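# Remarks on the overall topology
Here is how the chains run, residue by residue.
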Amino acid sequence: MPTTIATDGTPLHYRVLGDGPRTVVLVHGWMMSGAVWDAMLEKLDMTGLRMVVPDHRGTGASGRPASGYSLEQYAKDVLAVADHAGAKRFALVGHSMGGQIAKWVASEAPGRVSGLVLLNSVPASGLPLPPDAAGLFRTSAGDRQKQATILGLACKQLSPESLEGMLKDAGGVSKEAIEQCFDAWTAGGFADRLAAITAPTLVVATDDPFLPPLFLKQAVVALIQNARLTHLPGPGHYPQVERPAETAALVAAFLAGSSAQA
């Protein structure tokens, strides 16, 4: 399993699947590791694709530093992984907080990003939560019941088996990552950077109770040139787990279209 080193010395673990000429980096969100993509990857047509799947710091097999859980550092981590994987140009698929990170990368290095898929992306401006919800989310590290409550609120079509897998994954995320990442994605604060994004962008909305389609259209799509919205009805916040086949088909179709444009 490849590992590289972040700018602050943190080991960053990632997986590579497929050996096609087009590299796609999958950027996961809060409270999970890169394993959150596995169900979608099983359904994805990998023809011509090389998928790079990092574990963010504090998750999966990556290092667990005491600090560095900012959106800017995460973007640097993604670029470090892309460099180590030999990807000079790549597409990004980001989910939730991973959508924020993907937008930061695409604004930081627009010449390297060939396409952008944002699944239920938190806006660049952040997403403040009501005090009760914020307390639940921020204190959920290592607490299976709290994390089950969060997934119960977020998801609409999650099977018992998928829920169990996600809880196992979430249980391994460090306390520092849970707390500091929560602070980072709720605060956001980089909407002014989005004008630099030049990549064709697909924003996928679902029946997510936290990030409904109309909100994503106003808070995400409207701020990015060459962005469009598609709505996948049914699933909640984790379409790649709740409806992996349909999500894989949307991602594959966009990647094929943006490759043809390029």
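Residues numbered from 1 in each chain as written. Predicted model: local features only at pLDDT ≥ 70, side-chain atom pairs only at ≥ 80, totals over all residues. Heavy atoms only, no water.

With the rule as written, the count across this model stands at 9 aromatic pairs. Seen from their ring centres, Trp30 and Trp185 are 6.0 Å apart, and the 65° between their planes marks the pair as edge-to-face. Placement of Trp30 in the loop between strand S3 (22-27) and helix H1 (38-43) and of Trp185 in helix H7 (residues 175-187) is noted, with a sequence separation of 155 residues between them. The exposure class assigned to Trp185 is buried, which follows from its relative accessible area of 6%. Between Tyr69 and Tyr74 the ring centres are 6.4 Å apart and the planes differ by 65°, which places this aromatic pair in the edge-to-face class. Just as Tyr69 is buried, Tyr74 falls in that class too. (Phe/Tyr/Trp six-rings, centres within 6.5 Å; stacked < 30°, edge-to-face > 60°. Helix = DSSP H or I, 4+ residues; strand = E, 2+ residues; numbered from the N terminus. Buried < 20%, exposed > 50% of the residue type's maximum accessible area, 1.4 Å probe, protein only.)

Using the criterion set out here, one finds 0 disulfides in the structure. For the unlinked cysteine Cys155, the closest cysteine sulfur is that of Cys181, found at 18 Å. With a relative accessible area of 10%, Cys155 lands in the buried category. (Disulfide = S-S within 2.5 Å.)

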